[in-house]
Amino acid sequence: MKITIVAVDLRSPAWASTAVEDYLTRFPRDWKVELKTVKEEPRHGQSKSDLMAAEADRIRKAIPKGAWLCVLTPEGRLLSSEQLADTLRQAKLGGRSGACFLIGSSFGIAPEIKALADLQLSMSKMTFPHHLARVMALEQLYRAEAIQAGSKYHK
């Protein structure tokens, strides 16, 4: 399965880049995992909605065509790791070309992008830095793969 993580940011700190690279090396060969970054809109006195709209154009272009889309957003559904693994399995069995997970900027994600989502997912009721969310998403995707494979990684 091809997995794409689209993340909006200006620059990733070294600790996050190291953790992302570590998780990217863990996936089996049949799980092609790619991270695409989309430039965050610079803050120049624009409204939050104008900033999100400008980012929405770049986000839309980064989402692979035909992919099952999961938008990570605070108001999304809470799922267990097992439920996420099952959701990904169902997307794969449903004939989708892959899955895409979207992590927006500090401004959020434009409503028109959220409306495209097959799933709006919340990682927690707590707030996390976007760079940590990227690492957490990769860990949960790796865990989902381990659950599907029956690995001992998920206890």
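The structure presented is a predicted model; accordingly, all values stated were derived computationally and were not measured.

Assignment of secondary structure puts Arg-134 in helix 5 (residues 130–149). Residue contacts for Arg-134: discarding those within four places in its chain leaves Ala-7, Asp-9, Ser-12, Val-20, Leu-35, Thr-37 and Ile-103.

What follows concerns the confidence of the model for the protein. For the protein, mean pLDDT is 91; residues scoring 70 or higher make up 99% of the total. Model confidence for the protein, summarised as mean pLDDT per element, is weakest for helix 2 (residues 48–62) at 91 and strongest for strand 5 (residues 119–122) at 97.

Turning to its location among the elements, Arg-96 is positioned in the loop between helix 3 (81–93) and strand 4 (98–103). In this structure the C-alpha to C-alpha distance between Arg-96 and Ile-113, which are 17 residues apart in sequence, comes to 19 Å. Residues contacting Arg-96, with those up to four places away along its chain left out, are Gly-66, Ala-67, Trp-68, Ala-91 and Asp-118. Of the polar contacts made by the side chain of Arg-96, one reaches the side chain of Asp-118; its length is 3.3 Å.

Moving on to the pattern of salt bridges. Tallying each qualifying case throughout the model produces 9 salt bridges. Salt-bridge contacts for Lys-2 lead to Glu-34; the nearest nitrogen and oxygen are separated by 3.2 Å. Residue Lys-2 is found in strand 1 (residues 2–9), and its partner Glu-34 is found in strand 2 (residues 32–39); the two are separated by 32 residues along the sequence. Among the residues examined, Glu-34 registers a relative accessible area of 30% and is labelled partly exposed. Across the salt bridge formed by Asp-22 and Arg-26, the nearest N and O atoms sit 2.8 Å from each other. Taken as a pair, Asp-22 and Arg-26 lie in helix 1 (residues 14–26) at a separation of 4 residues, close to a single helical turn.

Moving on, we come to the nonpolar core. Within soluble globular proteins, side chains that are nonpolar tend to cluster in buried spots. Counting 29 residues, the largest nonpolar core has Trp-68, Leu-88 and Phe-101 as the members making the most contacts within it. Of all elements in the fold, only strand 1, helix 1, strand 3 (68–78), helix 3, strand 4, strand 5 and helix 5 reach the threshold of two or more residues within this core. For this core, the leading source of residues is helix 5, giving 7 residues. Among residues more than four places away in sequence, those in contact with Phe-101 are Ile-3, Thr-4, Ile-5, Val-6, Trp-68, Cys-70, Leu-84, Leu-88 and Leu-141. Grouped together as the second largest cluster of nonpolar side chains are 19 residues, Val-38, Leu-51, Ala-56 and Phe-107 included.

Criteria and cut-off values
Residues numbered from 1 in each chain as written. Predicted model: local features only at pLDDT ≥ 70, side-chain atom pairs only at ≥ 80, totals over all residues. Heavy atoms only, no water. Helix = DSSP H or I, 4+ residues; strand = E, 2+ residues; numbered from the N terminus. Contact = heavy atoms within 4.5 Å. pLDDT = per-residue confidence, 0-100. Polar contact = N/O pair within 3.5 Å; in protein donor to acceptor, adjacent residues only side chain to side chain. Salt bridge = Lys/Arg side-chain N within 4 Å of Asp/Glu carboxyl O. Buried < 20%, exposed > 50% of the residue type's maximum accessible area, 1.4 Å probe, protein only. Core = buried A, V, L, I, M, F, W, Y, C linked by side-chain atoms within 4.5 Å.

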